[in-house]
Amino acid sequence: MIHSTSAEGRPVVAILTTSHPVKQFRGNRRNFRDLIRAGGELGCLVYVVTVRDLRLEETDIIGYVPGPGRRNWNTEIMPLPQVVYNRIPSREQESKPAVLRKIGELLEHPSIRLFNPRFFNKWDLFEWLKGSRATARHVPETRKLRSAATLKALLKNHSSLYLKPEAGKAGKGIMRLKYVPDHPLPYRLQVQSGQRHLTYKAASMERLWNRISRERGQERYIVQQAIDLSSYRGRPFDLRVLVQKNGRGVWGVTGIGARLAGARSITTHVPRGGSIEEPGKLLDNVFGAEKSAAILRSVPAAALLIARQIERASASALGEMSMDLGVDREGGLWFFEANSRPMKFDEPPIRRLSLERIIQYSRHLAGHPIEARR
Ligand SMILES: Nc1ncnc2c1ncn2[C@@H]1O[C@H](COP(=O)(O)OP(=O)(O)O)[C@@H](O)[C@H]1O
Ligand SMILES: [Mg+2]
């Protein structure tokens, strides 16, 4: 017999993911477990549901909640949710017709509120942020990578460029191009794929372009000005900012972390040798205490402007995003990307608050707000 749970007046929140042939469902189970626990503490019924099981024409559906063991998940009959927290784990899953159809139905549904409907595309983000003067100043010069002519044009203004897949994540497929004038092999292309790091040197733009075309295959890319990032002990770093709505439905900064690049890496991702750091420590080291504090104080305002502009320009209902911001050697802030499915922040205070925020915002959407804790 399958156990049945009733809402008993509590707001009901479903974490949406896709099914898995062996493991019941996809996605980060630790994350889901933490969120379900936080929901319970804040008076919500939270469960995991798959696209397949979220039957909008029913009143009771199948959901998953953690079982007694550390790894078990129980199947239970659950009431239909008021709020859907979208954690479809990948672009590949999201692009499946059944998933797109369900997201569409949820967006149209008269009584269910879904937020963060889609993954962001990198090109869209830069277009959106160029659309407002307040955010355009934080955006590196960016083009769609279509031909060698694009590279030539950008190399007139910048000696170093980043090439990034529009649908990229975790540093996959990122390349860095440097132009070294007065050298027989002036073009230097650093490629990062898997655990592989290699540098390709080319004598001509034509050869370089052949190589880039081979590396990127069918993927769509953007190319942008490389920002001369501040570095700590010779390693560049950037800031990871988590921006979420609170129990009043208003954007706020939940936390700011820093990621320091691994040796020889062209990105700061932890799986590529990067490390988690205290932003203040890195900034103090580069700028001294006073300037460092001023830079850190400037981050929330910039991040909130960016989040609001993304929400406005994307014309979608958003509840959270993480963003990567670079700090140049003068202390200026640069936007690199935003993610609508933020990864878990490992810094414990940020982690704790991030879970509360999702629940508080969900309560707000469900019409059961509780006063947001500061
Ligand atoms: N224009 C740039 N200038 C300097 N560094 C960059 C630039 N774009 C990306 N990076 C570095 O590469 C990292 C990954 O880039 P990002 O756009 O976040 O791609 P991903 O989606 O793979 O995380 C950034 O966190 C930053 O360290
Ligand atoms: Mg990133």
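Further up the page is the structure itself.
Fair warning: this is a prediction, and the values are worked out from it, not measured in the lab.

**Student:** Hey, could you run me through the coordination of the magnesium ion (ligand 2) in this one?
**Tutor:** Put simply, a metal with four donors set out as a tetrahedron has ideal angles of 109.5 degrees, and one with six donors set out as an octahedron has ideal angles of 90 or 180 degrees. In the first shell of the magnesium ion (ligand 2), the protein supplies Asp324 (OD) and Glu337 (OE), at 2.0 to 2.1 Å from the metal. Taken together, the positions of aspartate 324 in strand β19 (residues 320-327) and glutamate 337 in strand β20 (residues 333-339) put the pair 13 residues apart, joining distant regions of the chain. Across this residue pair, the class does not change: aspartate 324 and glutamate 337 are buried.

**Student:** I would appreciate a short explanation of the site of ligand 1 in the present structure.
**Tutor:** In the vicinity of ligand 1, 22 residues are found, and the nearest of them are Lys122, Lys164, Gly171, Asp238 and His269. Between ligand 1 and glycine 168, the relevant distance is 3.4 Å, taken from an oxygen atom to a main-chain nitrogen or oxygen of the residue. The separation between an oxygen atom of ligand 1 and a polar side-chain atom of threonine 268 is 3.5 Å. Protein chains bury 98% of the 550 Å² of accessible surface belonging to ligand 1 in isolation.

**Student:** Just to check I follow, could you spell out the packing of helix α4 (residues 122-130) against helix α8 (residues 279-314) for this structure?
**Tutor:** At a minimum axis separation of 9 Å, α4 and α8 run at an interaxial angle of 105°. By the angle between their axes, α4 is roughly perpendicular relative to α8. Between α4 and α8, the residues in contact are Leu125, Trp128 and Leu129 and Ile306, Gln309, Ile310, Ala313 and Ser314, respectively. Split into classes, the residues belonging to the contact of α4 with α8 amount to 6 nonpolar, 2 polar and no charged.

**Student:** I keep staring at the pattern of salt bridges and nothing clicks. Help me out?
**Tutor:** Pairs may arise between side chains of opposite charge once their charged atoms sit close together. All told, the structure shown has 19 salt bridges when counted by the stated rule. Measuring nitrogen to oxygen at the nearest pair gives 3.9 Å for the salt bridge that ties arginine 37 to aspartate 34. On the criterion of helical spacing, the pair formed by arginine 37 and aspartate 34 is a turn pair, its members being 3 residues apart in helix α1 (residues 29-41). The exposure class assigned to arginine 37 is partly exposed, which follows from its relative accessible area of 48%. On the accessibility criterion, aspartate 34 (10% relative accessible area) is buried. Measuring nitrogen to oxygen at the nearest pair gives 3.7 Å for the salt bridge that ties glutamate 320 to arginine 87. With glutamate 320 in strand β19 and arginine 87 in the loop between β7 (83-86) and α2 (91-94), this residue pair connects regions lying 233 residues apart in the sequence. Neither residue differs from the other here; glutamate 320 and arginine 87 are each classed as buried. One salt-bridge network, in which partners are shared between bridges, spans Arg30, Asp34, Arg37 and Arg351.

**Student:** Help me understand helix α6 (residues 148-157), please; the structure alone is not making it clear to me.
**Tutor:** Residues that lie three or four places apart on an α-helix share one face, since the helix turns once every 3.6 residues. Those residues of α6 not exposed but buried are Ala148, Thr150, Leu151, Leu154 and Leu155. The buried residues of α6 occupy an angular sector of 150° when the element is viewed end-on, so they sit on one face. In α6, the exposed positions angled more than 90 degrees off the buried face are occupied by Ala149, Lys156 and Asn157. Those residues of α6 that are buried lie in contact with β9 (142-144), β10 (160-165), β11 (175-179), β12 (187-193), α7 (205-216) and β14 (221-225).

**Student:** Looking at this model, I keep getting lost on unusual backbone geometry. Mind explaining?
**Tutor:** A negative phi angle is the norm for most residues apart from glycine, just as the trans form is the norm for most peptide bonds. Although it is not a glycine, alanine 170 adopts a positive phi angle of roughly 55°. Here alanine 170 is to be found in the loop between β10 and β11. With a relative accessible area of 36%, alanine 170 lands in the partly exposed category. A positive phi angle, near 60°, is found at aspartate 182, a position not held by glycine. Within the secondary structure, aspartate 182 sits in the loop between β11 and β12.

The rules behind each value
- Residues numbered from 1 in each chain as written.
- Chains lettered and ligands numbered in written order.
- Predicted model: local features only at pLDDT ≥ 70, side-chain atom pairs only at ≥ 80, totals over all residues.
- Heavy atoms only, no water.
- Donors = N, O, S within 2.8 Å, 3.2 Å for Na, K, Ca; no water.
- Helix = DSSP H or I, 4+ residues; strand = E, 2+ residues; numbered from the N terminus.
- Buried < 20%, exposed > 50% of the residue type's maximum accessible area, 1.4 Å probe, protein only.
- Near = heavy atom within 4 Å.
- Polar contact = N/O pair within 3.5 Å; in protein donor to acceptor, adjacent residues only side chain to side chain.
- Areas by Shrake-Rupley, 256 points an atom, 1.4 Å probe, with all protein chains shown as cover.
- Axes fitted to C-alpha atoms, helices over the stretch in contact; angles between N-to-C directions.
- Parallel < 35°, antiparallel > 145°, perpendicular 65-115°, else oblique.
- Contact = heavy atoms within 4.5 Å.
- Nonpolar A, V, L, I, M, F, W, Y, C, P; charged D, E, K, R; others polar.
- Salt bridge = Lys/Arg side-chain N within 4 Å of Asp/Glu carboxyl O.
- Arc of directions from axis to C-beta.

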